[in-house]
Amino acid sequence: MATAANSATAAGAAKDAPPAPTKSLSGIVKQVLSGDTVVIRATKGAPPPEKQITFSHVLAPKLARRPGAGGDETKDEPWAWESREFLRKKLIGVEVTFTFDKPANSNREYGFVWIGKDKETGENVVESIVREGLVSVRREGRPTAEQQTLIELEDQARAAGRGKWSSTATAADKVRNIKWSHENPAHLVDIYGGNPVKAIIEHVRDGSTVRAFLLPDFHYITLMISGIRCPGVKLDADGKPDLSVKVPFADEARYYVETRLLQRDVEIRLESVNNSNFIGTILYPKGNIAESLLREGLAKCVDWSMAVMKTGTDKLRAAERFAKEKRLRQWQDYQAKTPAFNSKEKDFSGTVVEVFNGDAINVRLSNGQVKKVFFSSIRPPRDQRAVVGTDGEEIVKAPPRGKNYRPLYEIPHMFDAREFLRKKLINKNVQCTLDYISPPRENFPEKYCYTVSIGGQNVAEAMVAKGLATCVRYRQDDDQRSSAYDQLIAAEQQAIKGLKGLHAKKDNATLRVNDLTVDHSRIKIQYLPSWQRALRTEAIVEFVASGSRLRIFVPKDSCLVTFLLAGISCPRSSRPALNGVPAQEGEPFGDEALTFTRERVLQRDVSVHIDTTDKAGSSVIGWLWTDSGANLSVALVEEGLAEVHFSAEKSEYYRQLKSAEDRAKAAKKNIWTNYVEEVPKEKTVTEEEKEDKVVADRKVNYENVIVTEITETLTFFAQSVESGSKLESLMSKLHADFQSNPPIAGSYTPKRGDLVAAQFTLDNQWYRAKVERVQGSNATVLYIDYGNKETLPTNRLAALPPAFSSEKPYATEYALALVALPTDNEDKEEALRAFSEDVLNHKVQLNVELKVTGSPHLATLRDPTTKVDFGKQLVAEGLVLAEKRGERKLKELVDQYKAAQEAARVAHLAIWKYGDITQDDAPEFR
């Protein structure tokens, strides 16, 4: 059978006119080689036999020949491309009838072609191209009837100035400027910028490699189809095709592509280059040819090639899965290796509670169960002393390190990877989708590997994109991989290109960490003084050994140190058997204390204040505040998981600890479950009698409230506990209303006294507020349901919908009764701080002692459990003054406050430390 290379000489037939064709057959036009030669294939067979037919009695202009294709480079003869295109658009894929004969002195077959199955009614293609003036008619010898008809048609075309006989078109205009080669293929990819470009497929080398012209500039390219590889021709030792070796499905794949793409109009999206070949996607009327080949089992996905694709990798994977499931062609012997998963294993969501060195996390489910989740198809940074193969596997493992080796800090980028995950995931809700289960090996148990996403983002992909992890390389037939594997490969390519993280050219230095858990000698000399001077030191909790014993990392000083919580004594937790040391039982509630601390601080950012060290100087002792601002020592005591240690008496947090312990005792929480208060009965009766006496003189009606705000003048805002559900409902409706109907920024102009909706800065939610002052583009507002104030831009204010303006404010302002702030600013600050610690955001009991017209009502506050009067306690501790009031009904209460003040003055507490500050009112000081 003749090939495309023979077509270059198709026009150079013998001088004698070919004989009249005699045989008649039908077939489908596969290819147009020039304006006078076509290749027709049979309608049956896969692939079917082919026949090359050169039109009788005509001669078409010669097409250009590329260099190396059997000779030197030549250019188009004028009108050669137009004649080829005329036939291509008319005949490719069309069923035709043709007659042919082979002259004795020629190796070509000449004939006529008609469109359709009947040459009597079908269009004579030879006559059509002559009529268009795109070929020349041979006139030598005595013309036959067919030849005479063609001569007459040519004369008509010449007279009408059609095609090559045109008087308006110059010959030079009808010669293509073909770019056969490209010195910088990547530059051409950049020029097209990933946009589809019109093209014509000129040759199909195999199912996944074609040659094409990019239009309209006629760039001639060899294109490897992105994402796939079809069976191809086997090459011999010299790198040339060995046609003696039949590769299964190679011919079928090539035929499949030829019938759909050869000499068809397509669109090509260039995506990358491989040596001098281009890599890209071919789009034809029915979609992506790669997807079609995969679905038929004629191609397989190629990971490295899929990495360059901008879109569509998921569709290619889905098409390949379909062929595997149906066991089509190349997959006829396919056996799935991926085990079946139940729905609970495959998909779940939960809260991340711990991160393990960059490749795994612990996730707590809604039922409290904790699952270890490994990230699919990625590897964290590893010891650089290991020898790694091309597939990413360790050929030679790194030699063992010493007992104090800490890979988190000593392996380059391991700490960066862990920190990325910690900051992004800890205490956040994630969605986990199981991809595969990695079998156990080398004393490691099996791993459940998941695609983990947060807010729709694949966490593993984000890590790889930052160069903090690499992709695992698999065998082509290995399905045990991430469902987003192609996105991971693409992200890795971008990280390599951007020289990020592990791929940076500079040396990857390890993180230098001063491990003070091993080397204790430098704690007191080098670090403790600066830690003691610092008000707060930022740290990360790396490990929790018990409820009150932790290991923290201080980034500022790049050191690890054992940290003990000050002011408390916590029950010891149980310990497992380790390194020959037998297991130890814990004290009651020790494990609960450990869990409480782990859940609140493990791998969280915390603040610490370090006071001192333990007796051995191996650990530091201090106070720790969680990321929510809670004092962990106080929180443990409040929960009944620790008791106040005598060493706390000299601490500024002693009052908080004692109050928390009293509440835990009263509620009989945990370690105080069997606690019985040792209080003399006579004293209790005396207190009750005193309370009854006060009640007789003043109206007592305690209401449970939450103190939401405290002002610098010792007034405070409180919400009724009973109205809490109503407030929550109101806020939910208000937030939903503004979410569904967001206001137009700047459309509202506020005025003083307006009741508005204000967008709170900390959470960007909308709340009811009252405008107190407007200054230019800013306004000061009071959040009427909470009592706090804020100055914010007026474009964060909006008109309050009428449905939300009728309800009264849920926060009411009161003044703390019978007390007055000291005049000294530092004393004021200390009094306000103590008051805040006692009542702010706590549930307390409030009694209105005196209603004042036009001002906040005077009220007392007491602890609902211990019945301690917070105002009187402030007076007794010397933090505020007892106010002089003359109302008869308050006389006994005022006397109690005066007595408390006198006791504080005598003991020289706080403001009375240097004597009687009220003596400044004596005449000699005026």
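Residues numbered from 1 in each chain as written. Predicted model: local features only at pLDDT ≥ 70, side-chain atom pairs only at ≥ 80, totals over all residues. Heavy atoms only, no water.

As annotated in an unreviewed UniProt entry, the protein chain carries the name Staphylococcal nuclease domain-containing protein 1 and is attributed to Drosophila mauritiana. What UniProt states about the protein chain under its Subcellular location (unreviewed entry) heading is, verbatim, "Cytoplasm". (UniProt positions renumbered as here; feature names shortened; annotations may be inferred.)

1. Re the UniProt feature "domain: Tudor" (unreviewed entry) in the protein chain
With numbering matched to this structure, UniProt assigns "domain: Tudor" (unreviewed entry) to residues 749-807. Helix and strand shares over residues 749-807 are 0% and 49% respectively, and the end C-alpha atoms of the span are 23 Å apart. (Helix = DSSP H or I, 4+ residues; strand = E, 2+ residues; numbered from the N terminus.)

2. Here we look at the nonpolar core
One finds Trp531, Phe563, Leu624 and Leu636 to be the most contacted residues of the largest nonpolar core, which totals 41 residues. With near-sequence residues (within four places) excluded, Phe563 lies in contact with Ser548, Arg549, Leu550, Ile552, Val608, Ile610, Val620, Gly622, Trp623 and Leu624. Counting residues in each nonpolar core, the second largest holds 39 residues, with Ala360, Phe420, Val452 and Leu468 among its members. (Core = buried A, V, L, I, M, F, W, Y, C linked by side-chain atoms within 4.5 Å. Buried < 20%, exposed > 50% of the residue type's maximum accessible area, 1.4 Å probe, protein only. Contact = heavy atoms within 4.5 Å.)

3. Section: the domain arrangement of the protein chain
The assigned domain composition of the protein chain is domain 1 (24-173), domain 2 (185-235 + 246-331), domain 3 (348-385 + 407-456 + 480-485), domain 4 (514-573 + 589-672) and domain 5 (696-720 + 810-925). Summarising the inter-unit geometry, the C-alpha centres of domain 1 and domain 4 are found 92 Å apart. (Domains from an automatic or database assignment.)

4. Describing the pattern of salt bridges
Under the definition given, this model contains 49 salt bridges. Linking Arg905 and Glu902 is a salt bridge whose minimum nitrogen-to-oxygen distance equals 2.4 Å. One end of the pair is Arg905 and the other is Glu902, both in helix α22 (residues 891-906) and three residues apart, which spans about a single turn. What makes Glu902 partly exposed here is its relative accessible area of 37%. Linked through salt bridges whose partners overlap, the residues forming this network are Arg84, Glu85, Arg88, Glu202 and Asp265. (Salt bridge = Lys/Arg side-chain N within 4 Å of Asp/Glu carboxyl O.)

5. A look at the sheet that holds strand β36 (residues 755-759)
The five strands lie next to each other as β39-β38-β37-β36-β40, forming an open sheet whose pairing is antiparallel. With one partner strand each, in any of the chains shown, β39 (789-793) and β40 (797-799) form the two edges of the open sheet. Recorded for the sheet is a direction-independent mean angle of 50 degrees between the axes of neighbouring strands. Two elements, β36 and β40, share three bridges in a ladder whose sense is antiparallel. (Pairing = 2+ DSSP bridges. Axes fitted to C-alpha atoms, helices over the stretch in contact; angles between N-to-C directions.)

6. Details of the sheet that holds strand β41 (residues 811-816)
If you walk around this closed barrel you meet the five strands as β34-β35-β41-β44-β43, and the pairing is mixed. The average undirected angle you get between the axes of adjacent strands in this sheet is 60 degrees. In this structure, strand β34 (residues 703-710) lies alongside strand β43 (residues 843-850), joined through four bridges in antiparallel fashion. Opposite Glu703, over in β43, you have Leu846 as the bridge partner. With respect to the sheet, helix α20 (residues 825-839) is in contact with β34, β35 (715-720), β41, β43 and β44 (857-862), its orientation differing from that of β34 by roughly 140 degrees.

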